[in-house]
Amino acid sequence: MQQDKIWDYFQVQSSDIFLQSAPRLNYLFRQVLAIYSHTKPRVLNIGVGNGWLEQKCMEQAWETYALDPSETTIALLEQRGIEGKVGYIEQIPYPDNFFDVVFCSEVIEHLSSEQIQQGLYEIERILKNSGLLVGTVPFKENLFNSQVICPDCGHIFHKWGHQQSFNTHSLAAIFSGNLKVEKLKVIYFVSWSSLNWKGVISALLKKCLSLIGLHGNNGNIFFISKKFV
Ligand SMILES: [Zn+2]
């Protein structure tokens, strides 16, 4: 599935959609901040969104890079002083053993199985030894629920372009070679400020259930994989 138009639209014309991703990205950022409390990692974010994560990394004076298929998105980041490249996860335009950390949040579910394998091969290549891949995917998403139809051509597609739905076992199974899973768990991220009181009550309930291990299908799987050679 060719998804460039979907992402160009959301990232350039409808970027408010990414405001609700702040709690998730902040969690990933804090995980890395805790690991790299004494040194400054060189980081890459694959799949830019609204540039929130890149900004946080820059504020820590981390050497920060971004990769995204959208030229407009990369141009917007570069205006903010962030080093970005237009490209795809299957062919990452950075050298071997270059990054301490690669972020890949809500990207893998957009890929075919072949693209996932090629993408992980590339991430392993650009990570330094002991480098970390840090990311998320939706947990047990019902792909059917987000299908829409194009009124012009009748093409049926997932509105975000998702092609994969993962549980913890199927996500763990995508990592092979020198990328070994270090952490993998289901988390229910909530953007509290975007909710009305009914939403807050519902979110509190889901969060409580999630904390005792009962996960609906609106959570995310958080993972860290480490490159061992
Ligand atoms: Zn169409």
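Residues numbered from 1 in each chain as written. Predicted model: local features only at pLDDT ≥ 70, side-chain atom pairs only at ≥ 80, totals over all residues. Heavy atoms only, no water.

Caption draft 1: View of the sheet that holds strand β1 (residues 42–46). The strand order β3-β2-β1-β4-β5-β9-β8 describes an open sheet built from seven strands, whose pairing is mixed. Of all the strands in the sheet, just β3 (83–86) and β8 (179–187) have a single pairing partner and so form its edges. Shown here is a sheet whose adjacent strand axes are inclined to one another by a mean of 15°, direction ignored. Pairing between strand β5 (residues 127–138) and strand β9 (residues 220–227): seven bridges, direction antiparallel. From the neighbouring strand, Thr136 faces β9, where its bridge partner is Phe222. The strands that helix α3 (residues 52–59) touches are β1, β2 (63–68) and β4 (99–105); relative to β2, the one it contacts most, it runs at about 165°. (Pairing = 2+ DSSP bridges. Helix = DSSP H or I, 4+ residues; strand = E, 2+ residues; numbered from the N terminus. Axes fitted to C-alpha atoms, helices over the stretch in contact; angles between N-to-C directions. Contact = heavy atoms within 4.5 Å.)

Caption draft 2: Molecular detail of the side chain of Glu124. Mapped onto the elements of the fold, Glu124 is located in helix α5 (residues 113–126). Among buried Asp, Glu, Lys and Arg side chains, Glu124 stands out as unpaired, with Lys227 the closest opposite charge at 5.8 Å. Beyond its immediate sequence surroundings of up to four residues, Glu124 is in contact with Ser176, Gly177, Asn178, Leu179 and Lys227. (Buried < 20%, exposed > 50% of the residue type's maximum accessible area, 1.4 Å probe, protein only. Lys, Arg positive; Asp, Glu negative; His and termini not counted. Salt bridge = Lys/Arg side-chain N within 4 Å of Asp/Glu carboxyl O.)

Caption draft 3: Representation of the packing of helix α2 (residues 22–35) against α3. Running from N to C, α2 and α3 point in directions that differ by 35°, and their axes come no closer than 10 Å. In terms of crossing hand, the pair formed by α2 and α3 is right-handed. Residues Ala22, Leu25, Asn26 and Phe29 of α2 touch α3, and the partners they reach there are Trp52, Leu53, Lys56 and Cys57. (Left-handed = near helix turned anticlockwise from the far one by under 90°.)

Caption draft 4: Looking closely at the pattern of salt bridges. Scanning the entire structure with this criterion turns up four salt bridges. Taking the shortest distance from any N to any O, the salt bridge between Glu122 and Arg125 comes out at 2.8 Å. With Glu122 and Arg125 both in helix α5 and three residues apart, this pair spans about one turn of that helix. What makes Glu122 buried here is its relative accessible area of 7%. Several salt bridges share partner residues, and in doing so they unite Asp96, Glu122 and Arg125 into one network.

Caption draft 5: A look at the packing of aromatic side chains. Scanning the entire structure with this criterion turns up twelve aromatic pairs. The interplanar angle of 65° and the centroid separation of 5.1 Å between the aromatic rings of Tyr9 and Phe10 together place this pair among those described as edge-to-face. Look at Phe10 and you get buried, because its relative accessible area is 14%. When the centroid spacing of 4.8 Å and the interplanar angle of 40° are considered together, the rings of Phe10 and Trp160 count as tilted. Of this pair, Phe10 sits in helix α1 (residues 4–13) while Trp160 sits in the loop between β7 (156–158) and α6 (168–172), and the two are 150 residues apart along the sequence. Of the aromatic side chains, those joined through ring pairs into one cluster are Tyr65, Tyr94, Phe98 and Phe99. One Lys or Arg, Arg42, reaches over the ring of Phe98 and ends 4.0 Å from the middle of that ring. The ring of Tyr94 has Lys85 lying over it, and the distance from NZ or CZ to the ring centre is 4.7 Å. (Phe/Tyr/Trp six-rings, centres within 6.5 Å; stacked < 30°, edge-to-face > 60°. Lys NZ or Arg CZ within 6 Å of the ring centre and 35° of its normal.)

Caption draft 6: Structural context of a nonpolar patch on the surface. A cluster of nonpolar side chains, namely Leu205, Leu209, Ile212 and Leu214, defines an oily patch on the protein surface of about 410 Å² accessible area. Here Ile212 is to be found in the loop between α7 (197–211) and β9. Given the relative accessible area of 64%, Ile212 is considered exposed. (Patch = residues over 30% accessible without salt bridge, like charges linked within 9 Å, V, L, I, M, F, W, Y side chains within 5 Å. Areas by Shrake-Rupley, 256 points an atom, 1.4 Å probe, with all protein chains shown as cover.)

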